[in-house]
Amino acid sequence: MLIPEGRQELKLSPSWNACKWDASEAYAHGIGQAFSGLEGARGVKAADLVASRDGVAPVLMIGEFKDFAHPSIPKADRKRVAAQAVSLQLVESLIAKVIDTLAGATFARGSAGSREPVFNRWRDRVGSPEAALLILVMVEFPDRQASSVLALQTRLKQQLFWLGQGARVAVICSSTDLKPYRRLGIEYRVL
């Protein structure tokens with residue numbers, strides 16, 4: 001399964017069941033509307049994808065794409081966008097997306113009350129002591145900020161400690177890795 005987001009691309013082996021969470025019926029016409037009509041409410045955040053992998057060591061994954069180095073960013077906006085890449089707001093947004101996506105993918109239904117099969121598989125594994133949770137943030141930084149990968153990963157791990165020992169936070173960036181990310185039947189690359 002291939003999941004594109006701009007120039008970023010995630011390829012999942014057939015052992016994965018995945019869905020673009022932020023484009024799903026359960027998000028767009030379900031939990032995404034939870035704060036609708038409430039003035040001043042923050043709204044529900046959505047990660048880009050959710051996935052589950054069956055097998056001896058089942059895995060649940062929440063994935064988020066961020067590209068602060070896209071060549072199409074206008075020159076006049078590059079400094080502002082680069083500042084966003086290392087901001088507290090980025091960390092806050094990612095944490096909110098993890099929390100809201102955990103709840104949404106586990107319980108949300110679309111406007112007709114139905115659930116996509118990928119979410120049923122997800123729900124079956126939530127809380128299982130055998131299932132691991134992977135928070136995968138695929139982020140592209142401007143070259144001068146490539147060292148921010150480790151700082152972002154460290155901060156997210158600190159803030160998401162409450163997910164327990166079965167959770168793993170991985171922040172990957174193509175410009176800091178000498179080879180493409182290939183683990184657990186997952187391959188990440190930038191086109």
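I will try to describe carefully the structure that is included in this document. Nothing here was measured: the structure is a model prediction, and the numbers come from that model.

The mixed open sheet is built from five strands, whose spatial order is β3-β4-β5-β6-β7. Because the sheet does not close on itself, it has two edges, and the strands there are β3 (16-19) and β7 (167-172). Averaged over all pairs of adjacent strands, the angle between their axes in this sheet comes to 20°, without regard to strand direction. Here strand β6 (residues 132-140) runs beside β7; their pairing, made up of six bridges, is parallel. Across the sheet, residue Leu134 finds its bridge partner in β7, namely Arg168. Helix α5 (residues 148-159) rests against β6 and β7 of the sheet, and its axis sits at about 160° to β7.

Glancing now at the packing of helix α3 (residues 88-107) against helix α4 (residues 117-125). One way to put it is that α3 packs onto α4 with a least axis distance of 7 Å and a crossing angle of 110°. Between α3 and α4, the angle falls in the class roughly perpendicular. In this structure, α3 contributes Leu102, Ala105, Thr106 and Phe107 to the contact, and α4 contributes Phe119, Trp122 and Arg123. Residues of the contact of α3 with α4, tallied by class, amount to five nonpolar, one polar and one charged.

The rules we used
- Residues numbered from 1 in each chain as written.
- Predicted model: local features only at pLDDT ≥ 70, side-chain atom pairs only at ≥ 80, totals over all residues.
- Heavy atoms only, no water.
- Pairing = 2+ DSSP bridges.
- Helix = DSSP H or I, 4+ residues; strand = E, 2+ residues; numbered from the N terminus.
- Axes fitted to C-alpha atoms, helices over the stretch in contact; angles between N-to-C directions.
- Contact = heavy atoms within 4.5 Å.
- Parallel < 35°, antiparallel > 145°, perpendicular 65-115°, else oblique.
- Nonpolar A, V, L, I, M, F, W, Y, C, P; charged D, E, K, R; others polar.

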